[in-house]
Amino acid sequence: MKLYGFPPSPRTWAVRAVAAQLGVPLDFEFVDLTKGQQHEPDYRAINPNGRAPTLVDGDFKLWEAMAIMHYLAGQKPTALWPDDMRIRADIVRWQSWNLAHWEKESCAPLLFERIVKQLVGAGAPDEAAVARALDNFARDAKVLEAHLGKQPYLVGSSLTLADFSVAGPLFYAERAGLPLADYPKVREWFGRIASLPCWKETAPQIPAAAA
Ligand SMILES: N[C@@H](CCC(=O)N[C@@H](CS)C(=O)NCC(=O)O)C(=O)O
């Protein structure tokens with residue numbers, strides 16, 4: 001299987017970390033988003049959205065990080081994606097929350113305004129967008145904090161794909177100024193997730209301009 005992606009992107013990183021945790025080998029193909037390679041015709045042929053990551057397994061082409069994680073986890077029995085409808089629904093619940101709210105409305109705008117813009121030379125952060133994202137962050141982090149006050153992982157009592165998805169953007173918490181100070185349970189949980197060797201094994205080399 002081949003994964004096309006941009007290593008510093010939280011979605012590419014989380015997918016690669018899942019594969020490493022599962023022990024599923026992936027050939028990796030670098031798509032340089034800073035050079036617009038996602039818009040080249042060859043790449044658009046496997047992902048018409050011009051976004052990363054994309055998985056290719058023979059004649060099967062799959063885009064969307066969450067779907068890719070499910071496909072990888074389906075390669076062998078794993079507690080990350082147990083064969084139980086309620087647990088799977090709960091995992092998808094958190095991954096959907098991540099896609100619609102946590103990553104999209106809270107974390108990604110802060111990563112974009114404070115890291116990506118600098119990396120691609122797109123000017124200063126838009127402070128109105130930053131303020132909106134900070135409001136969203138407070139809204140969503142409260143939900144996460146309350147939930148993680150009751151259990152050690154997002155779903156049940158062990159690590160699942162939900163933790164990989166929701167933790168992804170937090171690897172940039174310091175650089176993007178994600179305000180985690182008031183959320184000790186979130187920090188504790190993230191520390192547990194981040195200490196898994198699979199993240200280190202798949203960690204990107206951050207371009208100096210983004211540091
Ligand atoms: N919903 C998609 C989002 C993919 C996405 O937006 N990827 C970003 C990198 S994190 C990208 O490729 N951006 C390049 C662009 O929009 O031109 C997923 O979860 O895979």
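Residues numbered from 1 in each chain as written. Predicted model: local features only at pLDDT ≥ 70, side-chain atom pairs only at ≥ 80, totals over all residues. Heavy atoms only, no water.

Undergrad: So, the pairing of strand 4 (residues 60–63): which residues are in play, and what are the values?
TA: Inspection of the sheet shows strand 3 (residues 54–57) paired to strand 4 by four bridges, in the antiparallel sense. What sits directly across from aspartate 57, in strand 4, is phenylalanine 60. Linking two consecutive strands that pair antiparallel, namely strand 3 and strand 4, is a turn of two residues; a positive phi of about 65 degrees is found at glycine 58 within it. (Pairing = 2+ DSSP bridges. Helix = DSSP H or I, 4+ residues; strand = E, 2+ residues; numbered from the N terminus.)

Undergrad: So what's going on with the packing of aromatic side chains? Which residues, and what values?
TA: Per the stated rule, a full pass over the model turns up 13 aromatic pairs. Ring centres 5.0 Å apart and planes at 50 degrees place the aromatic pair phenylalanine 60 and tyrosine 71 in the tilted group. Taken together, the positions of phenylalanine 60 in strand 4 and tyrosine 71 in helix 3 (residues 65–73) put the pair eleven residues apart, joining distant regions of the chain. Here phenylalanine 171 and phenylalanine 190 contribute two aromatic rings whose centre-to-centre distance is 4.9 Å and whose plane-to-plane angle is 75 degrees, an arrangement assigned as edge-to-face. A residue pair is termed long-range when its members are at least 10 positions apart, and phenylalanine 171 in the loop between helix 6 (161–167) and helix 7 (173–176) and phenylalanine 190 in helix 8 (residues 184–194) qualify at 19 residues. Ring pairing ties together the aromatic residues Trp13, Phe164, Phe171, Tyr172, Phe190 and Trp199, which thus form one cluster. A cation over a ring is seen here: arginine 16 above phenylalanine 28, with NZ or CZ 3.8 Å from the ring centre. Note that arginine 192 overlies the ring of tyrosine 153, its terminal NZ or CZ placed 5.4 Å from the centroid. (Phe/Tyr/Trp six-rings, centres within 6.5 Å; stacked < 30°, edge-to-face > 60°. Lys NZ or Arg CZ within 6 Å of the ring centre and 35° of its normal.)

Undergrad: Report on the domain arrangement of the protein chain, specifying residues and quantitative values.
TA: Segmentation of the protein chain into domains returns domain 1 (2–78) and domain 2 (85–200). If you average the C-alpha positions of domain 1 and of domain 2, the two centres end up 20 Å apart. Counting residues at the interface gives 14 residues for domain 1, matched by 19 residues for domain 2. Linking domain 1 with domain 2 are one salt bridge. Its salt-bridge partner being arginine 11, residue glutamate 103 comes within 2.9 Å of it at the nearest N-O pair. Among the secondary structure elements, those contributing two or more residues to the side of domain 1 that touches domain 2 are helix 1 (10–22) and helix 3. Considering every element that reaches the side of domain 1 that touches domain 2, the biggest residue donor is helix 1, with eight residues. Split by residue class, the side of domain 1 that touches domain 2 holds ten nonpolar, three polar and one charged. (Domains from an automatic or database assignment. Contact = heavy atoms within 4.5 Å. Salt bridge = Lys/Arg side-chain N within 4 Å of Asp/Glu carboxyl O. Nonpolar A, V, L, I, M, F, W, Y, C, P; charged D, E, K, R; others polar.)

Undergrad: Mind laying out the pattern of salt bridges, listing which residues take part and the relevant values?
TA: Under the definition given, this model contains seven salt bridges. Across the pair aspartate 90 and arginine 93 runs a salt bridge whose closest N-O atoms are separated by 2.8 Å. Here arginine 93 and aspartate 90 lie together in helix 4 (residues 85–120), a separation of three residues that amounts to about one turn. For arginine 139, the salt bridge goes to aspartate 140, with nearest N and O atoms at 2.9 Å. Relative accessible area serves as the criterion here: at 37%, arginine 139 is assigned to the partly exposed category. (Buried < 20%, exposed > 50% of the residue type's maximum accessible area, 1.4 Å probe, protein only.)

Undergrad: Just give me the short version of the site of the ligand, but keep the residues and values in it.
TA: Close to the ligand lie Ser9, Arg11, Leu33, Gln38, His39, Gly50, Arg51, Ala52, Pro53, Glu64 and Ala65, which account for all nearby residues. Contact distances for the ligand include 3.2 Å between an oxygen atom and a side-chain N or O atom of arginine 11. Within the contact set of the ligand, an oxygen atom lies 2.9 Å away from a side-chain nitrogen or oxygen of glutamine 38. Coverage of the ligand by the protein chains reaches 75% of its 510 Å² of free accessible surface. Across the shell around the ligand, the residue classes tally to four nonpolar, four polar and three charged. (Near = heavy atom within 4 Å. Polar contact = N/O pair within 3.5 Å; in protein donor to acceptor, adjacent residues only side chain to side chain. Areas by Shrake-Rupley, 256 points an atom, 1.4 Å probe, with all protein chains shown as cover.)

Undergrad: So what about the pairing of strand 3? Which residues, and what values?
TA: As paired elements, strand 1 (residues 2–5) and strand 3 share three bridges and run antiparallel to each other. Directly across from tyrosine 4, in strand 3, lies its bridge partner threonine 54.

Undergrad: If you had to explain the side chain of threonine 12 to someone new, which residues and values would you point to?
TA: Position of threonine 12 relative to the elements: it lies in helix 1. Assessed through its relative accessible area of 0%, threonine 12 is described here as buried. Not counting residues within four places of it along the chain, the set of residues in contact with threonine 12 comprises Leu3, Gly5, Phe6, Pro7, Phe28, Ala52 and Pro53.

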